[in-house]
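Residue-level structural notes
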Amino acid sequence: MAEKKKQTYAQAIAELEEIVTKLQNNECEIDELKTYTDRSLSLLRFCKDKLFETDEEIKKMLEELDS
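Residues numbered from 1 in each chain as written. Predicted model: local features only at pLDDT ≥ 70, side-chain atom pairs only at ≥ 80, totals over all residues. Heavy atoms only, no water.

A rise of 1.5 Å per residue sets the reference length of helix α2 (residues 30-66), with its 37 residues, at 54 Å; its end C-alpha atoms lie 54 Å apart and thus fit the reference within 8%. When α2 is considered as a whole, its buried residues turn out to be Tyr 36, Ser 40, Leu 43 and Cys 47. In this structure, the buried side of α2 is in contact with α1 (9-24). (Helix = DSSP H or I, 4+ residues; strand = E, 2+ residues; numbered from the N terminus. Expected span 1.5 Å × (residues − 1). Buried < 20%, exposed > 50% of the residue type's maximum accessible area, 1.4 Å probe, protein only. Contact = heavy atoms within 4.5 Å.)

This part takes up a nonpolar patch on the surface. Together, Leu 23, Ile 30 and Leu 33 give the surface a local cluster of nonpolar side chains, amounting to about 280 Å² of exposed area. If you trace the backbone, Leu 33 turns up in helix α2. (Patch = residues over 30% accessible without salt bridge, like charges linked within 9 Å, V, L, I, M, F, W, Y side chains within 5 Å. Areas by Shrake-Rupley, 256 points an atom, 1.4 Å probe, with all protein chains shown as cover. Salt bridge = Lys/Arg side-chain N within 4 Å of Asp/Glu carboxyl O.)

A few words now on the pattern of salt bridges. One pass over the structure, following the stated rule, counts four salt bridges. Across the pair Asp 38 and Lys 34 runs a salt bridge whose closest N-O atoms are separated by 2.7 Å. Taken together, the positions of Asp 38 and Lys 34, both in helix α2 and four residues apart, correspond to about one turn of that helix. Here Glu 56 and Lys 59 are joined by a salt bridge, their closest N and O atoms 3.9 Å apart. Here the residue Glu 56 and the residue Lys 59 both occupy positions in helix α2, the gap between them amounting to three residues, near one helical turn.

So yeah, pure geometry; function would need other evidence.
Listed below in structure tokens is the structure:
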């Protein structure tokens, strides 16, 4: 089985933007709405976690500089 490529923050944001565009342009049927909503929530969680993780790493680096 092939290893799944790890998603980047930029890829997640791009996918979110695609979903928003589809929703804004009425390119989404009601049957797809739940799928897009679920995917959006998953992407938002990923982005939030990535931002939090990066923030924590930067704080640690800055603390090391101050030491």
